[in-house]
Amino acid sequence: MFSNLGPTVYDYAHIGNLRSFLFEDLLRRVLELDGFKVRHVMNFTDVGHLTSDADSGEDKMQVGAEREHKTAWDIANFYISAFKEDIKKLHLEEPEIWCRATEHIKEMIELVSTLEKRGYTYVTEDGVYFDTAKMKGYGRLAKLDAKGLKAGARVDIGQKRHSTDFALWKFSLGRKRDMEWDSPWGKGFPGWHIECSAMAMKYLGETIDIHCGGVDHINVHHTNEIAQSEAATGKKFSNFWLHNEFMLVDGKKMAKSLGNYYTLKNLMEKGFSPVAFRYLCLSVHYRSQMNFTFEALEDAQNAVNSINDFVFRLGYGKDTAKNKKIETALKKGKEDFIKYINDDLDMPNALSTIFKLMKAVNREIDAGKADKKMLHAVHGFFDEINSILDVIQDQTVSLTPEEKKLLELREMFRKQRDFKAADEIRAQLKTKGIILEDTPDGVRWRKL
C-alpha cells in the first residue's frame, strides 16, 4: 500500500511536478513486476493549501478562481481533468483510488476532534492549531531541532505558541469563500496537512507501507503529517518514505512561484512526445537533481526512437542455428536489468544495460547472423521491460484507418519517386501529431 501527495489543482501541473508522479509510477511498476499487490492512493488538494507554508496567505484555489474569474469549484474540476489528461499522455498507471480533499471534510473534522481530545490542539483567532511541543520526536523525518527552531525564531508567529505549530482548521474570518464548511470550532476550511493524513488513513489504515513525495515536503508537510497522525493513533504513520529530488531549470528549482516552468503542453507545442519526457525522467535517478534542457529532451526523444527502431528490427531474422552471442547478451541483460531496478530504482544503469544489449544484437543483425528464435526471445524481453519503461509504441493499434491509409499512400508515392506528394502526406500526418522517420528497415512513426 502506498500513498502520494497529488497536485494542488489551481493551475496546470508543470513538468517538475510531473517528475514526482513519474517516479511514483516507476515505483509502482517495479513493485508489481516483483509480484507485490499494490493499492495506490493519490489525493487532489482542492482546498486548504495556502500560498505560504507558515499558515498565512491566500488559499491557492481561491487565488486561481480570482485569476480566471471562476469559482474555486470550477477551477478544481478543470485542472483535475487537465492533470488526468497529462498522466494519460505520460502513460502513468492510474491509482486504485483518487480522492479529493473537499469530499473528505467529515473525516478531517473527526481527526481534528481526536487530536483535541488527546490534548494536542489549541485555538487562536484564525484557527485550530497543533501544539508541536507536545509531540515527542517532532521533526525526526527532517532531522529538525525543534527547540532550536523555537529559540532562534525571528518571524512573527502571531498567536501561535511555537514557530513549528501548524493549522489543522482555519477560520473564514468573515470573508465569504467559495469553499467553507461548518465545524465544532467555527466556519472555515481544513489545513493542508490534515487533509493528507485523513485521506491516507481512511483508505490505507493507520499505518501505511510507503509514502512518497518531493524533497520539498520533508521539512514541513510530511513532518506535520507524521506528527498529527501518530498523535491521533499512537501508531507509526508510514513504514517507508521515498522522496524525489527537484527538477531544475537553468540551475534553479522549477517552480510556479519563480515563473520558470514548462507544462507538458509547452513541450508538445515544441514537437516533443510526452514519452520523450517520460524517458528523460527515467534516465535520471529519482534522488538526483535533474537540470531540464531541451537538448536533453531531444536526446531522450532520440533514445526512445532508437529503442523503437530496434524492436522494429526484431521482426526480422534468419532460419539459422541459435546465435550464442545473442543468447549470452540477453541472459546478461535480463540479470542486470532486474538487479538495477531493484537497487533503489537505479534506472540510469538499467537503461545502460538495455542499450548494451541492443548494441550486441544489432551487431549480429547487421552481420546477417541473427536467427529468428533468438530475436523473438529478445522481443519477449523488451515486451517485459516495457511494463516498466512504457516507451515502446504498439504500431498495430495506434493508427486510425484513415491514418493507415495515408501512410500506405505515402509509401506508394515514394516507390513511384513522387517525393513531393510523399512530403505533402508527411506534412498532413504531422498536423495529426504523427511524425514519420524513414529508416533502412522501413518507415517508422511515432505520435506526439
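Details of the structure are given in the entry above.
To start, this report covers the structure provided alongside it.

1. Some remarks on the overall build of the protein
For step 1, the next point in the chain: When helices and strands are tallied, the protein shows 15 helices and 14 strands.
For step 2, the next point in the chain: When its C-alpha atoms are laid out on the principal axes, the protein stretches across 80 × 45 × 35 Å.
For step 3, the next point in the chain: Taking all 448 residues of the protein together, the buried fraction comes to 53%.
For step 4, the next point in the chain: Only carbon and sulfur atoms are counted for the fraction: they give 51% of the accessible area of the protein, which is about 21,000 Å².
For step 5, the next point in the chain: Taking the average place of the 67 positive charges on the side chains of the protein and the average place of its 68 negative ones, the gap between the two points comes to 3 Å.

2. Quick look at the pairing of strand β8 (residues 208–214)
For step 1, the next point in the chain: Counting buried positions over the seven residues of β8 gives six, a clear majority of the element.
For step 2, the next point in the chain: Bridge analysis of β8 against strand β9 (residues 238–244) gives six bridges, and the strand direction is parallel. By the bridge assignment, Gly214 is partnered in β9 with Asn244.
For step 3, the next point in the chain: Taken together, β8, helix α7 (residues 218–233) and β9 constitute a β-α-β crossover, and its handedness is right-handed.

3. Description of a positive patch on the surface
For step 1, the next point in the chain: Positive charge collects at one region of the surface, where Lys325, Lys359, Arg363 and Lys369 lie side by side.
For step 2, the next point in the chain: In this structure, Lys369 sits in the loop between α12 (347–366) and α13 (372–389).

4. Overview of the sheet that holds strand β6 (residues 166–171)
For step 1, the next point in the chain: Spatial strand order, β4-β5-β6-β7: four strands in an open sheet with antiparallel pairing. The strands lining the two open edges of the sheet, one partner per strand, are β4 (121–123) and β7 (188–190). Within this sheet the neighbouring strands show an average axis-to-axis angle of 20 degrees, counted without direction.
For step 2, the next point in the chain: Relative to β7, β6 runs antiparallel, the two sharing three bridges. Paired with Phe171 across the two strands is Gly188, which belongs to β7.

5. Observations regarding the sheet that holds strand β10 (residues 247–249)
For step 1, the next point in the chain: What the three strands build is an open sheet, ordered β11-β10-β12; its pairing is mixed. In this open sheet, the two strands that pair with only one neighbour each are β11 (252–253) and β12 (290–292).
For step 2, the next point in the chain: Pairing of β10 with β11, which is carried by two bridges, proceeds in the antiparallel orientation. Bridging from a neighbouring strand, Leu248 pairs with Lys253 of β11.

6. Here's the deal with unusual backbone geometry
Glycine aside, negative phi is the norm for most residues, and most peptide bonds take the trans geometry.
For step 1, the next point in the chain: Its identity as a non-glycine residue notwithstanding, His69 has a phi of 55 degrees, on the positive side.
For step 2, the next point in the chain: Along the chain, His69 turns up in the loop between α2 (60–68) and α3 (72–89).
For step 3, the next point in the chain: One non-glycine residue, Leu345, lies in the positive phi region at around 55 degrees.
For step 4, the next point in the chain: Along the polypeptide, Leu345 turns up in the loop between α11 (324–341) and α12.
For step 5, the next point in the chain: By relative accessible area, which is 7% here, Leu345 ends up buried.

7. Some details on helix α9 (residues 274–282)
For step 1, the next point in the chain: Of all nine residues making up α9, nine are buried, and the element is well covered by its neighbours.
For step 2, the next point in the chain: Turning to α9, its buried residues number three or more, namely Pro274, Val275, Ala276, Phe277, Arg278, Tyr279, Leu280, Cys281 and Leu282.

The rules behind these values
Residues numbered from 1 in each chain as written. Predicted model: local features only at pLDDT ≥ 70, side-chain atom pairs only at ≥ 80, totals over all residues. Heavy atoms only, no water. Helix = DSSP H or I, 4+ residues; strand = E, 2+ residues; numbered from the N terminus. Buried < 20%, exposed > 50% of the residue type's maximum accessible area, 1.4 Å probe, protein only. Areas by Shrake-Rupley, 256 points an atom, 1.4 Å probe, with all protein chains shown as cover. Lys, Arg positive; Asp, Glu negative; His and termini not counted. Charge placed at Lys NZ, Arg CZ, Asp CG, Glu CD. Pairing = 2+ DSSP bridges. Right-handed = clockwise from strand over helix to strand, strands pointing away. Patch = residues over 30% accessible without salt bridge, like charges linked within 9 Å, V, L, I, M, F, W, Y side chains within 5 Å. Salt bridge = Lys/Arg side-chain N within 4 Å of Asp/Glu carboxyl O. Axes fitted to C-alpha atoms, helices over the stretch in contact; angles between N-to-C directions.

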